[in-house]
Amino acid sequence: MNIFFISLGCDKNLVDSENMLGILHDNGYTITDYENDADIIIINTCCFIHDAKEESIETILEMAKHKETGRLKALIVTGCLAERYKDEILNEIPEVDALLGTSAISEIISVIEKVLNGNKYTCFTDINNQPVLKSKRILSTGSYYSYLKIAEGCDKHCTYCIIPKVRGNFRSRPMEELVEEAAYLAENGVKELILVAQETTLYGRDLYGRKALPGLLDKLCEIPGIEWIRILYCYPEEITDELIDTISRQPKICKYLDMPIQHCSDRILKLMGRKTSKKDIVNIVKKLRDKIPGIALRTTLITGFPTETDEEHEELLRFIEEERFERLGVFTYSKEEGTPASKLKPQVTAKVKRQRQKELMKLQQTIAFDISASQVGRILDVIIEGRIAGKDNVYVGRTYMDGPKVDGYIFMESDSELMSGDIIKVKVTGANYYDLIGEIVEGSARE
């Protein structure tokens, strides 16, 4: 029986999808790349912001059309949208045969069996449960990098965010389980391990009574085959001196940190329910740059948060100019029902939100281009992503400053064949907007 699987949303959702793919594989199901060949279609959805919600709904409706061809026997929806809008999906999209909650992914086989017996079915468990997963993940990112989800849920309850209501409270995974999974990934060719959670910096507090991310990192660095470790989603107020020291002294850990701050105005940060002030953010940025020379800091901002004034927008522009983050993205505020921020007044108009986003990103573009130009002359380790289609000797890769799919690339030529995942030394010879151009240092390429 053929299954077509669609994974939407974030990298954490992708890990859930890969776990379900592993369960399906172990139970004899065939995964097809073609929706027209599918007997069953499974959609792992997202509802974090309006655009993600819209994409999920449109995908469900598009896949539902395959019921008309007669081959598709079951349409199953899982993930955050299913958890949050179960009643609406069942009432408004009758083509959906089953819904699976965020903490019930280990039940995917029993759901399929019930649906194939002709029953509509929903499977939801306590969102604070930790699914018991016995099958090994099927990697979908390629063989050389993979995400390691070290915790589930979130305790922060930022006023704009729905995640705690669909993913539950913060729950760390046991360290020995994570080390075992990372070793399995390494055995299957993964060289770059990317740590993810709603918030990685709090890892271990619930299990061990302390922030145990530094200890986990030390253990992961011992795994043969893992060459790069990248850390995402570190809340600034939770970054400790111990964590900074670990990043600084461990050569396998990329000198790169994803640190979402969302804003710099003290008033807006307080309304957001964030636990930092502008001064706190400035201080942690300075400390990171002092203690880890060359660190690339990635952050995200929300513009157009309810009641945000023109003056606070200007303050954010000045802040970006002063701090000069190496990588930065800007989301327009998404009004999510059921969150405290949705009740704040006045709400900023869509037109103003888009204009502010445009101004913030235009400024960051100038900063990013300057940073790219400043890299010329450096010799950097580069992990190869692949070859450029139609150009046999032109390859694309990433430096330590660049996470997959969200940051820039470096392009280089090689007469020798390079494989995805090869790590080589490249001298930067030019900059092209967000991307770099380089030449391979003699003797570093794979023979």
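All of these numbers come straight from a predicted model, not from anything done at the bench. (Residues numbered from 1 in each chain as written. Predicted model: local features only at pLDDT ≥ 70, side-chain atom pairs only at ≥ 80, totals over all residues. Heavy atoms only, no water.)

Q: Give a description of the overall build of the chain that names residues and reports values.
A: A count of helical and extended segments in the chain gives 14 helices and 19 strands. Since a compact globule built from 447 residues should have a radius of gyration of about 22 Å, the 23 Å found for the chain is in line with a globular shape. For the chain, the C-alpha atoms occupy an extent of roughly 65 × 60 × 45 Å along the three principal directions. Counting every position in the chain, which comprises 447 residues, the buried fraction comes to 55%. (Helix = DSSP H or I, 4+ residues; strand = E, 2+ residues; numbered from the N terminus. Rg over C-alpha atoms; globule rule 2.2 N^0.38 Å. Buried < 20%, exposed > 50% of the residue type's maximum accessible area, 1.4 Å probe, protein only.)

Q: Just give me the short version of the pairing of strand 19 (residues 435–440), but keep the residues and values in it.
A: Judged from the four bridges that link them, strand 17 (residues 410–413) and strand 19 form a sheet pairing that is parallel. Bridge pairing in strand 19 links Glu413 to Glu439. Judged from the six bridges that link them, strand 18 (residues 423–432) and strand 19 form a sheet pairing that is antiparallel. Residue pairing for strand 19: Lys427 is matched across the bridge by Glu439. Counted along the chain from strand 18 to the antiparallel partner strand 19, the turn is two residues long, and its residue Tyr433 has a positive phi close to 60 degrees. (Pairing = 2+ DSSP bridges.)

Q: Describe helix 13 (residues 310–323), naming the residues involved and giving the relevant values.
A: In this model helix 13 runs 20 Å from its N-terminal to its C-terminal C-alpha over 14 residues, within 8% of the 20 Å that 1.5 Å per residue would give. Among all positions of helix 13, only Glu312, His313, Glu315, Leu316, Leu317, Phe319, Ile320 and Glu323 are buried. Packed against the buried residues of helix 13 are helix 11 (266–272), helix 12 (278–291), strand 13 (296–303), strand 14 (327–332) and helix 14 (350–374). Two residues or fewer past helix 13, Arg324 is found with a positive phi of approximately 50 degrees. (Expected span 1.5 Å × (residues − 1). Contact = heavy atoms within 4.5 Å.)

Q: Please give an account of a negative patch on the surface that cites residues and values.
A: Where like charges cluster on the molecular surface, the negative patch consists of Asp51, Glu54, Glu55 and Glu58. Topologically, Glu55 is positioned in helix 2 (residues 50–64). The class of Glu55 is partly exposed, set by a relative accessible area of 40%. (Patch = residues over 30% accessible without salt bridge, like charges linked within 9 Å, V, L, I, M, F, W, Y side chains within 5 Å. Areas by Shrake-Rupley, 256 points an atom, 1.4 Å probe, with all protein chains shown as cover. Salt bridge = Lys/Arg side-chain N within 4 Å of Asp/Glu carboxyl O. Lys, Arg positive; Asp, Glu negative; His and termini not counted. Charge placed at Lys NZ, Arg CZ, Asp CG, Glu CD.)

Q: How would you summarise the pairing of strand 16 (residues 394–398) if you had to cite specific residues and measurements?
A: Side chains on a regular strand alternate between the two faces of the sheet. Taken across its five residues, strand 16 has five buried, putting it largely inside the fold. What you see with strand 16 is no split at all: Val394, Val396 and Arg398 on one side and Tyr395 and Gly397 on the other are buried throughout. What sits between the antiparallel neighbours strand 15 (residues 379–387) and strand 16 is a turn of six residues, in which Gly390 has the positive phi angle 85 degrees. With four bridges joining them, strand 16 and strand 17 adopt antiparallel strand pairing. Bridge pairing links Val394 to Glu413 in strand 17.

Q: Pulling in residues and values, what's your account of the sheet that holds strand 11 (residues 228–231)?
A: What the six strands build is an open sheet, ordered 7-10-11-12-13-14; its pairing is parallel. Here the strands that pair on one side only, and so sit at the sheet edges, are strand 7 (145–149) and strand 14. With direction set aside, neighbouring strand axes in the sheet form an average angle of 20 degrees. Two elements, strand 13 and strand 14, share six bridges in a ladder whose sense is parallel. Bridge pairing in strand 14 places Thr300 opposite Gly329. Where helix 10 (residues 241–249) meets the sheet, its contacts fall on strand 11 and strand 12 (253–258), and the angle it forms with strand 12 comes to roughly 140 degrees. (Axes fitted to C-alpha atoms, helices over the stretch in contact; angles between N-to-C directions.)

Q: Now, about the packing of aromatic side chains: what can you tell me, with residues and values included?
A: Applying the stated criterion to the full structure yields seven aromatic pairs. Consider the rings of Tyr145 and Tyr147, whose centres lie 6.0 Å apart with planes at 85 degrees: the pair is edge-to-face. The residues Tyr145 and Tyr147 share a single accessibility class, namely buried. Considering the side-chain rings of Phe369 and Tyr434, the 5.1 Å spacing of their centres and the 75 degrees angle between planes classify their relative orientation as edge-to-face. With Phe369 in helix 14 and Tyr434 in the loop between strand 18 and strand 19, this residue pair connects regions lying 65 residues apart in the sequence. Three or more aromatic residues link up through ring pairs in this structure, and these residues are Tyr144, Tyr145 and Tyr147. The aromatic ring of Tyr256 is capped on one face by Arg230, whose charged end is 4.5 Å from the ring centroid. It is Arg398 that lies over the ring of Tyr145; its NZ or CZ is 5.6 Å from the centre. (Phe/Tyr/Trp six-rings, centres within 6.5 Å; stacked < 30°, edge-to-face > 60°. Lys NZ or Arg CZ within 6 Å of the ring centre and 35° of its normal.)

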